[in-house]
Amino acid sequence: MGDVKIGLEVHAELDTETKLFCPCHTHGSDAPNTLTCPICLGMPGSKPVLNKKVVEYALRLCLATECKIAPEIIFSRKTYFYPDMSKNYQITQYEIPIGSEGVIKLENKDVKLKRIHIEEDPAALTHPSGMQTSTYVLVDYNRSGRPLLEIVTEPVLESPEEARDFMKKLITILNYLDIFDQNECIIKADANISIKEKKFTRVEIKNITGFKEIERALKYEIERQKKEKVIQETRAWDSDNGVTHSLRAKESEDDYGYILDSDLVPIEISQDYIKKIKAELPELAHEKIQRYTENLKIDPMDAQVISSDYQLAKMFEKVSENVSPILAARWVRRELSRVLNYAKKTLEEVKITDKEMSDLLMLLEQGKITQQTAQRIIEKLVEKQFDVNNYVKENNLMIVSNAKELEDICRKILKQNEKIVNDYKSGNEKAFMALVGQVMRETKGKGNPKIINDALKKLI
Amino acid sequence: MSSKDVLKECKNINKEYNYFNTIASDAKEGSGKLKSYYISVKDCICVKDMETTSGSEILKGYKPIFNATIIDKIIKEGGSIIGKTTQDEFGFGSFNVNTKNIPKNPFDKTRTCGGSSGGAAGITQKASFKHIAIAESTGGSIACPASFCGIIGFTPTYGLVSRYGLLDYANSLDKIGIMAKNINDIELMFNIIKGHDKKDSTSLNLELNKDTKIKKIGVIKETLNVDPEIKDLILSKLDNYELVSLPSVEKYSLATYYILAMAEASTNLAKYCGMRYGMHEELKGNFNEYFSKVRSNFFGKEAKRRIILGTFTRMAGYRNAYYLKAAKVRTLIINEYKKAFKKYDLLVSPTMPIIAPKFSEIDKLTPLENYMMDIMTVGPNLAGLPHISLNVGFKDKMPVGIMFIADHLNDNKLIEVGKKWEM
Amino acid sequence: MKIDKELIKRVANNARLNLTDKEIEEFIPQFKDILNVFSKISEVNTDNVKVSIHPIEIKNSMREDIPEKCITQEDALKNTKHKKDGYFKGPAAI
């Protein structure tokens, strides 16, 4: 290790109702330029007003990552010209970020964060005939002014896999804190990467969307750097073709000429305010692990796995309200994951909700269906959604627990299998299992094993 | 006088004096405190569907889709908006010559009205109808033309009047203010347009000092180094005063003001690039080429000068010595004023060091000499202090202005001075 | 610090302004004079002096996360000729 150095600059859109500096809806219309106003269009004379919720959400992340929090925040103007800019300056935090010196803990590593700060999103650009050949761009300002958190790591990541794990963990935390909606909000990263072989000459790769792409882009770039000459430059990640290519070298580095934005005013972040937000923080992963193992008494490994995935954790908690947490944990962690892996799908992609899981596990816990039946049902649920109780009824999958009925069957089997009975009586334990097996077959697998066992023992 | 006649008079005056960039096609009368008042608006303030250019070619044809907050307030009180007055491009100037439509002094057409609110001052002097002008000051753009045109120019404490809808020159320096022929009209309009606006983050939510007692007046010593006639006019009008020295203001306010104003302006003007509004070109070439083309074709020379200087003062390597340093010196200058206000209720100086110069004289001035004309007004503007220019007499048949400055939120003291003033 | 053609060109470029050689020649002495006056502030002792963001202290202006009506697409596009199918048209981005 130590041959690769990676630093990430992640931009995560926050899940607020309105934009950062204007009261436009952040979502709700796909038609271009229908979620705009003079402010996010940068019309002359318009002025920004800060969205309180953004500060609160930023503080949640700062607290969750143990950042030092600035006692007073201000905003700056970063001036540069691009067709997606509404004012040709971006309002961001340059001098004093809201959070600094935080950490995100991976399984095997603590990733130090340099800073977390608030800034606004530019508009969305489309190139009608591809980036290289379009003679004009189309601009949609619906996105302009949406609130972003920028999270910058120290260059301490050492592999594309680690970068991917970091992104995954960050997304989990953002989900946990309820400040990010995976379905609506975008998360992008710029990566700085350098390798020892090329004297750690740093290359910046811009605009990588999502954690799967991070791994792809960085894997490609490391290989490219090994093979080609490496100069300090900025490259773009081309997801379709799986390559990075050089952004046209600029004649001179644009100087952003930062000044304070005096359309905005300093915001005090008092200790009381921080305390209030801390108290309202949703439970974090490590807190869940503690609660799962100490209060709910589930296996620590199960706790770890479940809490690391926001959706799994939500499912587990709901299901544990209806069945024993230990059962819920085992099934959520192992059985559910097993079938998802086999079908190569994620939990978000299948329509298994906590209702289906709860129904299924309640039947299992109450001894109404067998383990095998349950496993078969969950396999089917991956394919399509259905009501578990109805399915069990319609397909007659309920365990037969009628003692008399089972006793009769046992008697019948014993009569039919005198030889096996004698085998058992002379000490062959396996013979007993064969008898149980026969009874089960007779009941088409729906016999209550315990009752069968007891009945056979009694009758023999 | 009917509104039709008012607009006719405006058109006639305009033919001779160039005070308006736009004259309204009609001026409906409303009801409220401003009923029967006709209001002109400096061209940097948004009036919905009325061309708003801020004196610049780059915004030719631009019609905002919203009103500035103060315009809504004025309309609500029944004020009739008669048009947009000419100004130096984006406020860049003290003589209103940095624009296509150059207004002429109402007393002498060969002379300037002052700037940047030249048109506003001109029409205030010339109008025969009931008129109040809405103007704007960044470094003295209300006081200067008021002084040159012989009318009252009032600039309130920074933050008292909403800037929402004001095309920015410099965000920490811009203030909307009022020009009129009599102080009661100023007071009337002030009470209507001031007040907290949640759409402007820098809008103050503070009470004005109700105390209007003026016990002690301090004349700023360093400002008396002017033409002796002007000096005499100023001092002869004051019953009772002491001399007070403000050395930091004298030595550093000009540099501090211009560094901050230009730095902010250079970012405010970045948005003018031929996208979404304003003058365009054909979409050819890449974005840098396109933006540069539009901006170079349609910004005037002074605008280019200030954009370049402003960009320079905030560039890496220069930012500490210029932009950040000036922001700190500003604090010291404000402190110097605050110290003086512990002793004095009002500070006084001539509004301008000269009478309105001729256009031919202005042509000979270097840019720096232009900037130095603001020597009296930049101080209070930099410190966000309320100030008022009143006519104190004439020199060579041209009006001379006296400027009273009060501490933050003591605007009422200035209204009080205006009321007691006799000319 | 040298005020010369190179510096002015570099700054003008940053600000997306094309200057003719004549304009640059004109600006050089003007800028020298102006920057001379600007540099005066270097003599002021500003140790431990805070930056003034505004001339009067204003803090904590924020708003609630409550949406208001957006403007129509038509109004957004009203002031430009460069538009297509509801989008703004802009210059090529490479």
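One can find the structure itself at the top, above this paragraph.
Computed from a predicted structure; not experimentally measured.

A.B. asks: How should I be thinking about the overall build of chain A in this particular structure?
C.D. replies: Tallying secondary structure elements over chain A gives 15 helices and 17 strands in all. Its C-alpha atoms give chain A a radius of gyration of 30 Å, more than 25% over the compact-globule value 23 Å for 460 residues. The C-alpha extent of chain A, read off along each of the three principal axes, is 95 × 50 × 40 Å. Within the span of chain A, comprising 460 residues, buried residues form 53% of the whole. Sequence separation of 24 or more characterises 68% of the internal contacts of chain A that already satisfy a separation of 6 or more. If you sum the accessible surface of chain A, you get close to 21,600 Å²; carbon and sulfur atoms cover 48% of it. Across chain A, the centroid of the 70 positively charged side chains sits 6 Å from that of the 74 negatively charged ones.

A.B. asks: Where do I start with the state of the cysteines in this structure?
C.D. replies: What makes a disulfide is a covalent bond joining the sulfur atoms belonging to two cysteines. Considering all chains together, one arrives at zero disulfides over all chains under this definition. B:C149 supplies the cysteine sulfur nearest to B:C113, a cysteine that is in no disulfide, at a spacing of 4.0 Å. Cysteine B:C273 shares no disulfide, and the gap to the nearest cysteine sulfur, in A:C40, comes to 16 Å. A relative accessible area of 3% means that B:C273 is categorised as buried.

A.B. asks: Would you explain the sheet that holds strand β9 (residues 346-350) of chain B in this entry?
C.D. replies: The strands making up a sheet associate through hydrogen bonds between their backbones, and the pairing can be parallel or antiparallel. Residue and element names in this part refer to chain B. Reading across the sheet, the eleven strands line up as β1-β3-β2-β4-β6-β5-β10-β11-β9-β7-β8 and stay open at both edges, with mixed pairing between neighbours. Edge positions in the open sheet fall to β1 (20-23) and β8 (242-244), since each of these has one partner strand only. When strand polarity is set aside, the average angle formed by the axes of neighbouring strands in this sheet is 30°. Where strand β2 (residues 38-42) lies against strand β4 (residues 131-137), four bridges are found, and the strand directions are parallel. Within β4, the position partnered with I39 by the bridge is I132. Contacting β5 (152-155), β9, β10 (387-395) and β11 (398-405), helix α14 (residues 411-420) runs over the sheet at an angle of about 25° to β10.

A.B. asks: Even after reading the chapter, I still don't get the interface of chain A and chain B, so can you show me in this structure?
C.D. replies: Interface size is commonly expressed as the accessible area that is lost once the parts come together. Tallying the contact residues gives 38 residues for chain A and 40 residues for chain B. Interface area, chain A with chain B, both sides summed: about 3,000 Å², of which 57% is carbon and sulfur. Among the residues of chain A in contact with chain B, A:P44, A:K47 and A:F81 are the three that bury the most area, contributing 22% of the side total. Our count for the contact surface shared by chain A and chain B stands at three salt bridges. Here B:R319 ties to A:E95 by a salt bridge, and the two come within 2.5 Å at their closest N and O atoms. Residue assignment for the side of chain A that touches chain B shows that the elements contributing at least two residues are β5 (76-79), β10 (136-140) and β16 (259-260) of chain A. The residue makeup of the side of chain A that touches chain B, split by class, is 22 nonpolar, nine polar and seven charged.

A.B. asks: Whenever I open this one, the pairing of strand β14 (residues 233-238) of chain A confuses me. Can you help?
C.D. replies: Taken residue by residue, a regular strand's side chains alternate between the two faces of the sheet. Residues and elements named next belong to chain A. Most of β14 is tucked away: five of the six residues are buried. As judged from the four bridges shared by strand β13 (residues 203-209) and β14, these two strands associate in the parallel manner. The residue of β14 that forms the bridge with E204 is T234. With helix α3 (residues 211-227) bridging β13 and the parallel β14, this β-α-β connection has left-handed handedness. Across four bridges, the pairing between β14 and strand β15 (residues 243-246) is antiparallel.

A.B. asks: Looking at this structure, how should I read unusual backbone geometry?
C.D. replies: The bulk of non-glycine residues show a negative phi, and the bulk of peptide bonds are trans. The omega torsion across B:G115 and B:S116 is 5°, close enough to zero to call that bond cis. Mapped onto the secondary structure, B:S116 falls in the loop between β3 (80-85) and α3 (118-126). One non-glycine residue, A:D178, lies in the positive phi region at around 65°. Considering the arrangement of structural elements, one finds A:D178 in the loop between α2 (160-176) and β12 (187-195). Residue class for A:D178 comes out partly exposed when judged on its relative accessible area of 47%.

A.B. asks: Whenever I open this one, the nonpolar core confuses me. Can you help?
C.D. replies: Soluble globular proteins: nonpolar side chains tend toward being buried together. Judged by nonpolar contacts, the single largest core of 206 residues is most densely connected at B:I45, B:I70, B:I193, B:L347 and B:F404. For this core, the leading source of residues is helix α7 (residues 247-268) of chain B, giving twelve residues. Here B:I70 is in contact with B:I45, B:I134, B:V161, B:S162, B:I176 and B:I193, once residues within four sequence places are set aside. Grouped together as the second largest cluster of nonpolar side chains are 66 residues, A:Y57, A:L59, A:L177 and A:A217 included.

A.B. asks: What is the right way to read the pairing of β2(B) from this model?
C.D. replies: All names here are of chain B. Counting buried residues along β2, five of its five residues qualify, which places the element largely inside the surrounding structure. In β2, alternate side chains face the same way, and those of Y38, S40 and K42 on one face and I39 and V41 on the other are all buried. Here five bridges tie β2 to β3, and the two strands are oriented parallel to one another. Its bridge partner lying in β3, S40 is registered against G83. Tracing the backbone out of β2, into helix α2 (residues 69-76) and back to the parallel element β3 gives a crossover that is right-handed.

A.B. asks: Honestly, the interface of chain C and chain B in this entry has me stumped. Any pointers?
C.D. replies: With 54 residues of chain C in contact, the opposing surface of chain B contributes 68 residues. Together, the buried faces of chain C and chain B total about 5,500 Å²; carbon and sulfur atoms form 70% of this surface. Three residues, C:F38, C:I41 and C:P55, lead the burial of chain C against chain B; their summed loss comes to 13% of the area buried on that side. Taken together, the links from chain C to chain B amount to three salt bridges. In this structure, the salt-bridge partner of C:E68 is B:K198, at a minimum N-O distance of 3.8 Å. On the surface where chain C and chain B come into contact, there are 21 residue pairs in polar contact (both at pLDDT 80 or more). Elements with a contribution of two residues or more to the side of chain C that touches chain B: α1 (5-14), α2 (21-38) and β3 (87-91) of chain C. With ten residues, the single largest contributor to the side of chain C that touches chain B is α2(C). Looking at the side of chain C that touches chain B residue by residue, the classes come out as 27 nonpolar, 14 polar and 13 charged.

A.B. asks: What is the right way to read α3(B) from this model?
C.D. replies: For α3(B), the tally of buried residues reaches eight of nine residues, placing the bulk of the element in the interior. Among the residues making up α3(B), those that are buried are B:G118, B:G119, B:A120, B:A121, B:G122, B:I123, B:T124 and B:Q125.

A.B. asks: What is the right way to read the environment of A:N395 from this model?
C.D. replies: Residues and elements named next belong to chain A. Along the chain, N395 falls in the loop between α11 (388-394) and α12 (403-416). Distance in space between the C-alpha atoms of N395 and R115 is 58 Å, their sequence separation being 280 residues. From its side chain, N395 meets the backbone oxygen of Y391 in a polar contact 2.9 Å long.

A.B. asks: Hey, could you run me through the sheet that holds strand β2 (residues 83-84) of chain C in this one?
C.D. replies: The four strands are arranged β9(A)-β10(A)-β3(C)-β2(C) in an open sheet whose pairing can be described as antiparallel. The strands lining the two open edges of the sheet, one partner per strand, are β9 (124-126) of chain A together with β2 of chain C. One ladder, built from three bridges, connects β9(A) with β10(A); its direction is antiparallel. Bridge pairing in β10(A) places A:T126 opposite A:L138.

A.B. asks: Looking at this model, I keep getting lost on the packing of helix α5 (residues 285-294) of chain A against helix α6 (residues 300-307) of chain A. Mind explaining?
C.D. replies: Between two packed helices, the angle of one axis relative to the other and the distance separating the axes together describe the packing. Residues and elements named next belong to chain A. With their axes 9 Å apart at the nearest point, α5 and α6 run at an angle of 150° to one another. Handedness of the α5/α6 crossing: right-handed. For the pair α5 and α6, the contacting residues are A285, K288, I289, Y292 and T293 in the first and P300, A303, Q304, I306 and S307 in the second. A per-class count over the contact of α5 with α6 returns six nonpolar, three polar and one charged.

A.B. asks: Looking at this structure, how should I read the side chain of C:N79?
C.D. replies: In this structure, C:N79 sits in the loop between α3 (73-77) and β2. Owing to a relative accessible area of 16%, C:N79 belongs among the buried residues under this scheme. A polar contact of 2.9 Å, which involves the side chain of C:N79, links it to the backbone oxygen of B:K63. Leaving out residues up to four positions away in the same chain, C:N79 has contacts with B:G61, B:Y62, B:K63, B:I65, B:R276, B:Y277, B:G278 and B:H280.

A.B. asks: Explain the packing of α7(B) against helix α10 (residues 320-343) of chain B to me, please; I cannot follow it from the model alone.
C.D. replies: Residues and elements named next belong to chain B. It is the contact of α7 with α10, at a shortest axis distance of 9 Å, that shows an interaxial angle of 140°. Classified by the angle their axes make, α7 and α10 are oblique. In the crossing of α7 with α10, the sense of the turn from one axis to the other is left-handed. Within the contact between the two elements, α7 uses P247, S248, V249, Y252, S253, T256, I259, L260 and A263 and α10 uses Y322, Y323, A326, A327, V329, R330, I333, E336 and Y337.

What counts, and at which threshold
- Residues numbered from 1 in each chain as written.
- Chains lettered and ligands numbered in written order.
- Predicted model: local features only at pLDDT ≥ 70, side-chain atom pairs only at ≥ 80, totals over all residues.
- Heavy atoms only, no water.
- Helix = DSSP H or I, 4+ residues; strand = E, 2+ residues; numbered from the N terminus.
- Rg over C-alpha atoms; globule rule 2.2 N^0.38 Å.
- Buried < 20%, exposed > 50% of the residue type's maximum accessible area, 1.4 Å probe, protein only.
- Contact = heavy atoms within 4.5 Å.
- Areas by Shrake-Rupley, 256 points an atom, 1.4 Å probe, with all protein chains shown as cover.
- Lys, Arg positive; Asp, Glu negative; His and termini not counted.
- Charge placed at Lys NZ, Arg CZ, Asp CG, Glu CD.
- Disulfide = S-S within 2.5 Å.
- Pairing = 2+ DSSP bridges.
- Axes fitted to C-alpha atoms, helices over the stretch in contact; angles between N-to-C directions.
- Buried area = accessible area lost by both parts, 1.4 Å probe.
- Salt bridge = Lys/Arg side-chain N within 4 Å of Asp/Glu carboxyl O.
- Nonpolar A, V, L, I, M, F, W, Y, C, P; charged D, E, K, R; others polar.
- Right-handed = clockwise from strand over helix to strand, strands pointing away.
- Core = buried A, V, L, I, M, F, W, Y, C linked by side-chain atoms within 4.5 Å.
- Polar contact = N/O pair within 3.5 Å; in protein donor to acceptor, adjacent residues only side chain to side chain.
- Left-handed = near helix turned anticlockwise from the far one by under 90°.
- Parallel < 35°, antiparallel > 145°, perpendicular 65-115°, else oblique.

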